[in-house]
Amino acid sequence: MSDNVILIRFGELYLKGKNKDYFENMLKNHITDKLRGIECNVFFGRGRYVVKDYDASVEYNIISRLKHVFGIHSISTARRCGYDLDEIADLAIQMTPNSGTFRVTSHRSYKKYPLNSLQINMQLGERILQAKPNLQVDLHTPSYTINVDVRENGDVYLYDSTIKCAGGMPYGTGGKGLLLLSGGIDSPVAGYMMAKRGMSIAALHFHSYPYTSEAAKQKAIDLAKILGEYCPSIKLACISLTEIQEAIHNNCKPNYMITLVRRFMMRIAQKIAGKFGCGCLINGESLGQVASQTLESITVTNAVVDIPVFRPCIGMDKDEIIDIAENIGTFKKSIEPYEDCCTVFLPEFPLIKPTIDKVEEQEARINDYNELINRAIAGLEIIQLT
């Protein structure tokens, strides 16, 4: 085992006042679960968590896992020593380069330590310069910064870099939502963004087999698995829309197809949300991106549900959504050329400004309206992701 450690920092939990323990305990549980199977210990201190007693060969694996834990703001690989200033200086000298510019930045959370932060900086800087005369101090734009963190538990941690992590709130502290997961770019991003705010996620995928292929369904399964790196124990359900789409195609005007299909999807999703204990729906709509995402279209589809519908991508352009998709690892899977249910019976000129009364006129042409919904739900398939 090495004397290396990994420092874990959390962000917004500081703002939670008397409820902080609840959020912090959730974060501790997620960290423990994420590191399960790796030989290491985690010290949960005040304001800092520390992963220690691990072999250097598993350090990359630990970091990769922690980067996917919501609630962790950043991590650093660090070297650990005691309070003795000579010991701290020896370690600092080992870590600093032999030439270039540097600075020492200290944080003293243990206020009884005999030196304050400025004194630590000055004394360590002086000793480093004596040991490495080719170095120069630069307090503004140094090529190397060594950070010194003096903690209450008797340890001092030295590190030179910080790795940004997922941030947000601990998963599961913000209720539960049902994500309408297509095979596209936007919906996985929407699920990720709500999970980042602490919402636990279940997912619902609509398919239109045999008009869509099994590969399209597998694509949604793969996307759910990628989200599962951030969303522990995510559940994926699949429902066929084939019969519903055929009924709309046979009975309604073509340009109403997308609007009507989406209203059916929302009705079904609300029922599935109830089965899964979800208090809201989540989708990847971005205002004006396509015909079904105009203000009028969103109003018409929202009218059939009475639970909140969260659209975290609503004010984002495509480039912004793609940036997040690339960052979380869903983009390459999302752009695979497999169709989704919304491409079936796609009209040449879909409505961009539907009205509720005209849409309801079209829906009235479908005689077995509720029975179609019930049969679709009866065919619900739960996908095992592990």
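Before reading further, recall that the structure is shown in the block above.
All values derive from a computational prediction rather than experimental measurement.

Q: Give a description of the pairing of strand β3 (residues 49-52) that names residues and reports values.
A: Within a regular beta strand, the side chains point alternately toward one face of the sheet and then the other, so they alternate between its two faces. Alignment of strand β1 (residues 4-10) against β3, held across three bridges, turns out to be antiparallel. Looking at β3, one finds that Leu7 is bridged to Val50. Both strand β2 (residues 41-44) and β3 contribute to a ladder of four bridges, which runs antiparallel. Looking at the pairing, Phe44 lines up with Tyr49 of β3. Following β2, the chain reverses through four residues before pairing antiparallel with β3; Gly47 in that reversal takes a positive phi of roughly 85°.

Q: Can you lay out a nonpolar patch on the surface for me, pointing to particular residues and giving the numbers?
A: Judged by side-chain polarity, Leu129, Val137 and Leu139 come together as a nonpolar surface patch covering roughly 250 Å² of accessible area. With respect to the helices and strands, the residue Leu139 is situated in the loop between β6 (135-137) and β7 (144-150). Overall, the relative accessible area of 51% leaves Leu139 in the exposed class.

Q: I'd love a proper account of the side chain of Glu59, names of residues and values included.
A: Within the fold, Glu59 resides in helix α2 (residues 59-66). Arg79 provides the closest opposite charge to the buried, salt-bridge-free Glu59, at an N-O distance of 8.7 Å. In this view, Glu59 contacts Asn4, Ile6, Tyr54 and Thr77; residues no more than four positions away in its chain are not counted.

Q: Hey, could you go over the side chain of Glu363 for me, with residue numbers and the actual values?
A: Mapped onto the elements, Glu363 comes out in helix α12 (residues 356-363). Residue classification places Glu363 among the buried residues on the basis of a relative accessible area of 6%. Of the polar contacts made by the side chain of Glu363, one reaches the side chain of Arg263; its length is 2.7 Å. Among the polar contacts made by the side chain of Glu363, one reaches the side chain of Arg267 at a distance of 3.1 Å. Other than its neighbours up to four places away in sequence, Glu363 contacts Leu260, Arg263, Arg267 and Tyr369.

Q: Explain the nonpolar core to me, and be specific about the residues and the numbers.
A: In terms of nonpolar packing, the biggest core is built from 37 residues, with Leu178, Ile248, Ile268 and Leu281 touching the most fellow members. Elements supplying a minimum of two residues to this core: β10 (176-180), β11 (200-207), β12 (235-240), α7 (242-251), α8 (257-276) and α13 (369-378). For this core, the leading source of residues is α8, giving eleven residues. Those residues in contact with Leu178 that sit more than four places away from it in its chain are Ala202, Ala203, Leu204, Ala269, Ile272, Ala273, Phe276, Cys278, Cys280, Leu281 and Ile282. In terms of nonpolar packing, the next biggest core, distinct from the first, is built from 33 residues, Tyr171, Leu181, Val189 and Leu385 among them.

Q: I'd like to hear about α12, residue by residue, with values.
A: Within α12 the residues assigned to the buried category are Val359, Gln362 and Glu363. The arc that holds every buried residue of α12, seen down its axis, measures 100°, which confines them to one face. Contact partners of the buried residues in α12: α8, α9 (295-302) and α13.

Q: If you had to explain α2 to someone new, which residues and values would you point to?
A: Every buried residue of α2 is accounted for by Glu59, Ile62, Ile63 and Leu66. Buried positions in α2, seen along its axis, are confined to an arc of 95° and lie on one side of it. Buried residues along α2 sit against β1, α1 (20-34), β3, β4 (72-81) and β9 (163-164).

Q: Could you give an account of the pattern of salt bridges, naming the residues involved and the relevant values?
A: Taken as a whole and assessed by the stated rule, the structure comprises 18 salt bridges. A salt bridge links Arg127 to Asp86, with the nearest nitrogen and oxygen atoms 2.5 Å apart. Within this pair, whereas Arg127 is found in helix α4 (residues 117-131), its partner Asp86 is found in helix α3 (residues 85-95), the two being separated by 41 residues in sequence. Classification of Arg127 by relative accessible area gives partly exposed; the value is 26%. Classification of Asp86 as partly exposed rests on a relative accessible area of 40%. Residue Glu336 is joined to Lys333 by a salt bridge in which the shortest nitrogen-to-oxygen separation is 3.0 Å. Take Glu336: its relative accessible area is 28%, and that puts it in the partly exposed class. Linked through salt bridges whose partners overlap, the residues forming this network are Arg46, Arg48, Asp149, Arg151 and Glu152.

Reading the values: the criteria
- Residues numbered from 1 in each chain as written.
- Predicted model: local features only at pLDDT ≥ 70, side-chain atom pairs only at ≥ 80, totals over all residues.
- Heavy atoms only, no water.
- Pairing = 2+ DSSP bridges.
- Helix = DSSP H or I, 4+ residues; strand = E, 2+ residues; numbered from the N terminus.
- Patch = residues over 30% accessible without salt bridge, like charges linked within 9 Å, V, L, I, M, F, W, Y side chains within 5 Å.
- Areas by Shrake-Rupley, 256 points an atom, 1.4 Å probe, with all protein chains shown as cover.
- Salt bridge = Lys/Arg side-chain N within 4 Å of Asp/Glu carboxyl O.
- Buried < 20%, exposed > 50% of the residue type's maximum accessible area, 1.4 Å probe, protein only.
- Lys, Arg positive; Asp, Glu negative; His and termini not counted.
- Contact = heavy atoms within 4.5 Å.
- Polar contact = N/O pair within 3.5 Å; in protein donor to acceptor, adjacent residues only side chain to side chain.
- Core = buried A, V, L, I, M, F, W, Y, C linked by side-chain atoms within 4.5 Å.
- Arc of directions from axis to C-beta.

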